[in-house]
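As a plain string of letters, each chain reads:
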Amino acid sequence: MREYGIGQSVPRVEDRRLLTGKGNYTDDRKVPGAAYMAILRSPHAAAAIRAIDTSAAAAMPGVVAVLTADDLKADGIGGLACGVKRKQRDGSPMVEPPYPLLADGDVHLVGMAVAAVIAETYAEAVDATEAIEVDYDPRAPLTETGHARDADAPEVWDTVPGNESFVFALGDKDATDAAFAAAAHVVELDYEISRVSTNTMEVRAAIGFFDPLEERYTLYAGCQSPHRLRSDLAKNVFGIPEGKLRVISPDMGGGFGMRGSPFVEHALVLWAARRTGRPVRFTATRSEALASDYHARDNVSHAALALDTDGKFLGLKVSTDAALGGYLSNSGPHSPTNNLGGLSGVYTTPHVHVEARGVFTHTSPTATYRGAGRPEASYGLERLIDAAAYDLGIDPVELRRRNLIPNDALPYDTGFVFTYDSGDFAGCLDGVVEAADRDGFEARRAEAASRGKLRGMGIATVIEIAGGPLPLPNEESAAVRFDTDGGVSVLMGTHSHGQGHETAFAQIASEKLGVPFDSIRVQYGDTDLIHHGKGTFGSRSISVGGAALLRASEKIIARATLIAAHLLEAAAADIQFDDGVFTVSGTDRTITLPDVAKASYVPAKMPREMDMGLAEGAIIVPPGPTYPNGAHACEVEIDPETGVVEIIAYTVFDDVGVALNPMMVKGQVHGGVVQGAGQALLERVVYDPDSGQLLTGSFMDYAMPRADDFPSFDVHEHNIPSKNNPMGLKGAGEAGTVGALPSVMNAVCDALRPLGIRHIDMPASPERVWQAIQNAKKNVV
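In this text, all values refer to a predicted model and were calculated from it rather than measured experimentally.

Conventions we followed
- Residues numbered from 1 in each chain as written.
- Predicted model: local features only at pLDDT ≥ 70, side-chain atom pairs only at ≥ 80, totals over all residues.
- Heavy atoms only, no water.
- Helix = DSSP H or I, 4+ residues; strand = E, 2+ residues; numbered from the N terminus.
- Rg over C-alpha atoms; globule rule 2.2 N^0.38 Å.
- Contact = heavy atoms within 4.5 Å.
- Areas by Shrake-Rupley, 256 points an atom, 1.4 Å probe, with all protein chains shown as cover.
- Lys, Arg positive; Asp, Glu negative; His and termini not counted.
- Charge placed at Lys NZ, Arg CZ, Asp CG, Glu CD.
- Pairing = 2+ DSSP bridges.
- Axes fitted to C-alpha atoms, helices over the stretch in contact; angles between N-to-C directions.
- Buried < 20%, exposed > 50% of the residue type's maximum accessible area, 1.4 Å probe, protein only.
- Left-handed = near helix turned anticlockwise from the far one by under 90°.
- Nonpolar A, V, L, I, M, F, W, Y, C, P; charged D, E, K, R; others polar.
- Salt bridge = Lys/Arg side-chain N within 4 Å of Asp/Glu carboxyl O.
- Parallel < 35°, antiparallel > 145°, perpendicular 65-115°, else oblique.
- Arc of directions from axis to C-beta.

A.B. asks: Explain the overall build of the protein chain to me, using residue names and the numbers behind them.
C.D. replies: Tallying secondary structure elements over the protein chain gives 19 helices and 28 strands in all. Here the C-alpha atoms of the protein chain give a radius of gyration of 28 Å, agreeing with the 28 Å that 2.2 N^0.38 yields for 781 residues. If one aligns the C-alpha atoms of the protein chain with their principal axes, the spans along those axes are about 95 × 75 × 50 Å. Partitioning the intrachain contacts of the protein chain with sequence separation of at least 6 by distance along the chain shows that 80% fall at a separation of at least 24. Summing over all exposed atoms, the protein chain offers an accessible surface of approximately 29,000 Å²; the carbon and sulfur share of this is 51%. Looking at the protein chain, you have 69 positive and 102 negative side-chain charges, and the mean spots of the two groups are 3 Å apart.

In structure tokens form, the structure reads like this:
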């Protein structure tokens, strides 16, 4: 079984199905008698709704129903709610305005759902939305995060003076201030982390069903956390027991955090199905998704680093305004507050203080996105370290080495949220420096200069939390069930949306149970089939879900040992288990686990005191979070005549604890690097500050990274097993993004350094880079 076990690069079993068009995505499902839903969305970023006239739309051919906020109120339907609670400056609960499924009196962003049309065909539904007359009273919009708290800024909500929903502070402010007062050097940096759109390959889609006999809803929609979605909709929208709602999440073309939160369309298709007495389906267009998907990032920060005369870090301060959008999504406050521990990095900085403020703007709500605060923290820290190296004339690698946490200090309490259980931070940094041939970089820089190009190298040593964040509960479930013929079903509370879970969890089961890999079927994504689950997010599935599967497998072996002892006529204490076979110690009498499973369904072969069948489940809480970490090196060339940045080389040394499937780990790192580099160089959601209109409403305007934007990645493993996980696993899903954002921007800034340019903000687009070069030339002149 070891050929398919832990540590083997087993090809993904799900790829044949997905790559040959056999995937089961939401929009693929054929539903007889289903009606189609189209949404009328607000063309204004800020406006009062004086009146809505739906009569013309309701009379159009094929229209089944036209629904507005008045209908929601008449049916007692609630709205969406935020699941991450924070506090205001005075300690009172954060300001959380209502988030209705359809606009009720006001709109606070372009793309806000105003009315829903249900029709026989999608085209008829869209046509009818255009016949709805809405009398808007436009107001002045606010789209720029950095100006949200300005004294003269428009207020997004009348009930939120200054647009501030919450203030979240961490760390000892007095001790940090004292460290700064005693510092020989203080380096400061203002920076922005751009707003991005997730842009999953599969756009959002949902199908709603209602059974009037059982008074029970069924939602068919791709989501990262089916059980959490069920809880949110049942409690906040419908006010029903969770058992009255089933959520089925089939194949999903990407989630990345965005699809971990409920959307209004999830609730609307269910409500419309009940009102119309037939299934109702919705699929967004790409432009509709760009306007109405939850966005991410969008932070404006000021950071400062205090150092002594030897370049040792004494303290770190960060002050951030984080955009929440026009409404609070389910996870809105999560990213700017829950992963701030990453600001400690892999360094011995004794004092850290941070204040993050959540501010409303007339933009799409923000939610989690690959890394969910981890890339933001690492970016701010690593850019600040490079700025300090620039200002103080110290080599940036040497500055990092002076401050790295030594191996003999582990486990290491940073004094700022995180306690690292394991790692070799110096080993990762040394490894990436050697593999990227940093010693030869200056020669390459000179050669590039001879061709009129600017060359730069950026280093980042990063760490993140996985299987967290603390102190939230982080349990996960797994179950193992043997069929009567010895086949195995593994039921997971996590969800796969591209990561390869069907392969990875089968590898764990094959390794631990010693059963054939191809006899294992992995199931997930159905709240009726899986009785409990937290879902997939935060690089937790393999570390936490895998630990649950390990526990369930151990319980299977323990139960099967008792059955095997009965079948082999031996004492249970004399039974040994290895690689799928039970053996009576000191004899050649054996029986395989599949044969034990078959026997467990035959009454004549089972002990009378034991229940029949072989199935076990587990819901576990891991001993603690894990901390994937690593070092990234990015090398770029810039054409000063056009501002175009080209990534020439990219090297990674990663510590994921144990590589369950090295090939899939590299795939995760590759994807993460591309998403991080895409934000660093290309991606940015742009709103017109005067009108609030979305200017990046299609892929003609929102630049997405492509394969030919990247070189071949050089990815190395430098794994130190986690002490907080029974299999040593740490997680890998977000590591690439966490390292890419700072390393790419450090490389860009390093290339521009000879021109006297200390920092530019992301994205380092050709226009932005070219303009920085022109400004530098003017300053020289």
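A.B. asks: How would you summarise the sheet that holds strand β4 (residues 106-107) if you had to cite specific residues and measurements?
C.D. replies: The strand order across the open sheet built from three strands is β4-β2-β6, with neighbouring strands paired in antiparallel fashion. Of all strands in the sheet, those bounded by a partner on one side alone are β4 and β6 (133-138). With six bridges joining them, strand β2 (residues 47-53) and β6 adopt antiparallel strand pairing. Each bridged residue has a counterpart across the sheet, and for Ile 49 the counterpart in β6 is Tyr 136.

A.B. asks: How would you summarise the sheet that holds strand β12 (residues 280-283) if you had to cite specific residues and measurements?
C.D. replies: Taken together, seven strands build an open sheet; the order of strands is β3-β5-β1-β12-β9-β10-β11 and the sheet is mixed. Across the chains shown, the open sheet's two edge strands, defined by having one partner strand only, are β3 (63-67) and β11 (245-248). Going across the sheet, the axis of each strand differs from the next one's by a mean of 20 degrees, ignoring polarity. Pairing of strand β1 (residues 35-41) with β12 involves two bridges; the strand directions are parallel. Along β12, the bridge assignment pairs Tyr 36 with Arg 281. On the sheet, helix α6 (residues 226-238) packs against β10 (216-221) and β11 and is oriented at approximately 145 degrees with respect to β11. Lying over the sheet, helix α7 (residues 264-276) contacts β1, β3, β5 (113-119), β9 (205-211), β10, β11 and β12, oriented at roughly 35 degrees with respect to β9.

A.B. asks: Go over α6, please, and point to the residues and values.
C.D. replies: Think of an α-helix as 3.6 residues a turn; residues three or four steps apart then line up on the same face. Of the positions making up α6, those classed as buried are Pro 226, His 227, Leu 229, Arg 230, Asp 232, Leu 233, Ala 234, Val 237 and Phe 238. Elements that come into contact with the buried residues of α6 comprise β10, β11 and α7.

A.B. asks: Account for the packing of α6 against α7, with residues named and values stated.
C.D. replies: At their nearest, the axes of α6 and α7 sit 11 Å apart, and the two run at 65 degrees to each other. As for the relative orientation of α6 and α7, their crossing is right-handed in sense. Note on element contacts: α7 touches α6 through His 266, Ala 267, Leu 270 and Trp 271, opposite Leu 229, Leu 233, Val 237 and Phe 238. Across the contact of α6 with α7, the residue classes tally to seven nonpolar, one polar and no charged.

A.B. asks: Residues and numbers for the pattern of salt bridges, please.
C.D. replies: Side-chain pairs of opposite charge can arise whenever the charged atoms involved come near each other. Within this structure, the stated rule accounts for 51 salt bridges. Two residues, Arg 445 and Glu 442, come together in a salt bridge whose shortest N-O distance is 3.2 Å. With Arg 445 and Glu 442 both in helix α13 (residues 441-450) and three residues apart, this pair spans about one turn of that helix. Beyond isolated ion pairs, a larger network of salt bridges with shared partners links Asp 437, Arg 444, Glu 447, Arg 451, Arg 455, Glu 635 and Glu 637.

A.B. asks: I'd love a proper account of the packing of helix α10 (residues 374-392) against helix α18 (residues 735-752), names of residues and values included.
C.D. replies: In the contact formed by α10 and α18, the axes pass within 8 Å of each other and the chain directions differ by 30 degrees. When the axis of α10 is compared with that of α18, the two are roughly parallel. Seen along the crossing, α10 lies across α18 with a hand that is right-handed. Taking contact as the criterion, the partners of Arg 374, Pro 375, Ser 378, Tyr 379, Glu 382, Arg 383 and Asp 386 in α10 are, on α18, Thr 737, Val 738, Leu 741, Pro 742, Met 745, Asn 746 and Cys 749. By residue class, the composition of the contact of α10 with α18 is seven nonpolar, three polar and four charged.

A.B. asks: Please provide a residue-by-residue account of the pairing of β5, values included.
C.D. replies: The element β5 is largely enclosed, with a buried count of seven among its seven residues. Pairing of β3 with β5, which is carried by four bridges, proceeds in the antiparallel orientation. What sits directly across from Val 63, in β5, is Ala 119.

A.B. asks: Run through helix α4 (residues 122-129), naming residues and quoting values.
C.D. replies: Listed as buried for α4 are Ala 125, Ala 128 and Thr 129. Here the buried residues of α4 occupy an arc of 105 degrees about the axis, which is enough to place them on one side. Where α4 is buried, its residues meet β1, α2 (55-58), β3 and β5.

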